[in-house]
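What follows is the residue order along each chain.
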Amino acid sequence: MDKGTLSELHRIFQEVQSKPDIKSALDVLFLSMRGFFVFDNVAIYLSDRKTRGLDILYARAMGRGKTAEADAAWGEVAANDVIMNEHMVIHGPKKGSTDDDRISQTFLLGVPLYIGSKLRGALLFVRFGGPEYSDAHIHTASLQAVWTSALIEHKELQEARSELDSVQRQMRLQDDFVSTISHELRTPLGFIKGYSTSLLRQDTKWDEATQREFLTIIDEETDRLAKLIEDMLESARLQSKTIQFKFSPIRLDALVRDVASRVKTHHPRLVVDLQLEPVPPVLGDGVRLSQVFENLFSNAIKYAPGSSITIGAKAVNGRVRVSFTDGGEGIPEEFIPFLFERFYRVPGERTVTGTGLGLYICKQIVMAHHGNIWVESVLDRGTTFFIELPANPAL
Ligand code: ATP
Ligand code: MG
């Protein structure tokens, strides 16, 4: 192999290597290698381990007879041949086809793809109107097959790794959850037990004000316990999809206004700025959607104490978008992707109580409405949650 060829191969290798995804890596590979080996179409077939059928991983038309890229039916028979018989396949044009119809003169070359030493598929090239494949061509095609196999294996390993990461994260969250939950259950129980024991003591006479104070604490902590248990059950039900939603036409602007005024009865000093444009109705479950906004209020009150809250509603491209903004500390960017996961809480000081279920519940409810929920946050400026639901103008 001469020096020029070697350095060209080296360049191609580096460029393929630098591509972030398999599709663009394969694009570079096949386009660049056409300098050594001319073909019209290329396709990669992988045998599906479950159905035993053929999946098309990649298909490109480059030269003559450029057809729809996804239509890679031309190579299926030959690909099956390669896979069934575990060998390279070279097919010339069918006898009887005439020279003036070049497109019907197909020269096929199929090379097996071994991934992790198992035969998993075939790499197919086609030339319309020849010429026939020389030994050098066949070697180049084999080189591309080895390269393709490596890229596929790399992609599969990456997918397996990210799945593993997510399972590991889930397991860690479960572990954290057990400690969070036992803490969260014990704290209110401790208060309830402590204050009721005090009240029951026969050797002490509490004045009426103190009795009231103790009873208020017991009352509040009981509510907290009840909410925690309710959230846990709710999230388990949402996860197992056993909740029946009751859908009816809902105006989100009116619903938001209702929730805001209910929240304000408990937090009279909270400033809520409503910027609600009249929006088309959505098909929704009013109770569940109220729960979403109650959770957002609860978070803003806990994580952005003292801040005012601005709620906007408007119609955007056939959807109704509600934005919910606080002026709190914000959430560091690296934690944003996990906020809606079950039990997830931003790490750091734990002065504020919670179980990490609120946003998970919000997301499940919004998804059951075929909507989206996402968050944007700027440190020291504040956080905005967005909720978008499909508008239903027919209602
Ligand atoms: P729960 O809602 O179950 O009582 P929680 O409030 O901790 O517990 P989520 O509502 O799911 O759980 O919120 C997840 C995490 O996101 C919170 O722990 C908090 O760190 C962060 N977070 C949520 N809303 C805000 C906000 N408005 N500003 C800053 N951080 C927030
Ligand atoms: Mg919360």
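Residues numbered from 1 in each chain as written. Chains lettered and ligands numbered in written order. Predicted model: local features only at pLDDT ≥ 70, side-chain atom pairs only at ≥ 80, totals over all residues. Heavy atoms only, no water.

(A) Here's a closer look at the environment of tryptophan 374. Among the structural elements, tryptophan 374 can be located in strand β11 (residues 372-378). Among the residues examined, tryptophan 374 registers a relative accessible area of 25% and is labelled partly exposed. When residues no more than four places from it in sequence are discounted, the contact partners of tryptophan 374 are Arg321, Phe340, Thr384, Phe385, Phe386 and Glu388. (Helix = DSSP H or I, 4+ residues; strand = E, 2+ residues; numbered from the N terminus. Buried < 20%, exposed > 50% of the residue type's maximum accessible area, 1.4 Å probe, protein only. Contact = heavy atoms within 4.5 Å.)

(B) The arrangement of the pattern of salt bridges in detail. Scanning all chains against the criterion turns up 17 salt bridges. The residue arginine 11 makes a salt bridge to glutamate 15 at a minimum N-O spacing of 2.9 Å. Residue arginine 11 and its partner glutamate 15 are located together in helix α1 (residues 3-18), separated by four residues, close to a single helical turn. Residue glutamate 15 is classed as partly exposed on the basis of its relative accessible area of 30%. Two residues, aspartate 27 and lysine 23, come together in a salt bridge whose shortest N-O distance is 3.8 Å. Of this pair, aspartate 27 and lysine 23 both sit in helix α2 (residues 22-33), separated by four residues, roughly a single helical turn. A relative accessible area of 16% means that aspartate 27 is categorised as buried. Ionic contacts of the salt-bridge type, sharing partners, join the residues Glu230, Glu234, Arg237 and Arg288 into one network. (Salt bridge = Lys/Arg side-chain N within 4 Å of Asp/Glu carboxyl O.)

(C) Quick look at the sheet that holds strand β12 (residues 382-390). Ordered in space as β7-β9-β10-β12-β11, the five strands form an open sheet in which the pairing is mixed. A strand with exactly one partner marks an edge of an open sheet, and here the two such strands are β7 (272-276) and β11. For this sheet, the mean angle separating the axes of adjacent strands, direction not counted, is 15°. Where strand β10 (residues 319-326) meets β12, eight bridges bridge the pair, whose relative direction is antiparallel. When the bridges of β12 are listed, valine 320 appears paired with leucine 389. (Pairing = 2+ DSSP bridges. Axes fitted to C-alpha atoms, helices over the stretch in contact; angles between N-to-C directions.)

(D) Geometry of the site of ligand 1. The full set close to ligand 1 counts 17 residues, and Tyr303, Asp326, Arg345, Leu357 and Leu359 are the nearest of them. Measuring from an oxygen atom of ligand 1, one finds a side-chain N or O atom of tyrosine 303 at 2.8 Å. Considering ligand 1 on its own, with 600 Å² of exposed area, one finds that the protein chains cover 94% of that surface. Residue contributions to the shell around ligand 1 peak at three residues, all from helix α7 (residues 286-303). A per-class count over the shell around ligand 1 returns eight nonpolar, six polar and three charged. (Near = heavy atom within 4 Å. Polar contact = N/O pair within 3.5 Å; in protein donor to acceptor, adjacent residues only side chain to side chain. Areas by Shrake-Rupley, 256 points an atom, 1.4 Å probe, with all protein chains shown as cover. Nonpolar A, V, L, I, M, F, W, Y, C, P; charged D, E, K, R; others polar.)

(E) Broad picture of helix α3 (residues 76-85). Looking only at α3, the buried set comprises Ala78, Ala79, Val82 and Ile83. Looking straight down α3, one finds its buried side chains confined to an arc of 135°; they lie on one side. In α3, the exposed residues that point more than 90 degrees away from the buried face are Val77 and Met84. The inward-facing, buried residues of α3 contact β1 (41-47), β2 (54-61), β3 (89-91), β4 (106-115) and β5 (118-128). (Arc of directions from axis to C-beta.)

(F) The arrangement of the packing of aromatic side chains in detail. Counting across every chain of the model gives 16 aromatic pairs. Centroid distance phenylalanine 13 to tryptophan 147: 5.0 Å. Interplanar angle 25°. Geometry classified as stacked. Linking phenylalanine 13 in helix α1 with tryptophan 147 in helix α4 (residues 135-200), this pair joins segments that are 134 residues apart in sequence. Through successive ring pairs, a cluster of aromatic residues spans Phe30, Phe37, Phe39, Tyr58, Phe125 and Tyr133. (Phe/Tyr/Trp six-rings, centres within 6.5 Å; stacked < 30°, edge-to-face > 60°.)

(G) Up close: the domain arrangement of the chain. The assigned domain composition of the chain is domain 1 (3-156), domain 2 (163-240) and domain 3 (248-390). Taken over C-alpha atoms, the centre of domain 2 sits 24 Å from the centre of domain 3. Between domain 2 and domain 3, the residue contacts involve 17 residues of the former and 15 residues of the latter. Summing both sides of the interface, domain 2 and domain 3 together bury roughly 1600 Å²; the carbon and sulfur share of this comes to 57%. It is Leu173, Glu234 and Leu238 that lose the most area in domain 2 upon contact with domain 3, and together they represent 30% of the buried surface on that side. The tally of links between domain 2 and domain 3 comes to two salt bridges. With its nearest N and O atoms 3.0 Å apart, the salt bridge here joins arginine 169 to glutamate 341. Applying the counting criterion to the domain 2 and domain 3 interface returns five residue pairs in polar contact (both at pLDDT 80 or more). Looking at the side of domain 2 that touches domain 3 element by element, the count peaks at nine residues for helix α5 (residues 208-239). (Domains from an automatic or database assignment. Buried area = accessible area lost by both parts, 1.4 Å probe.)

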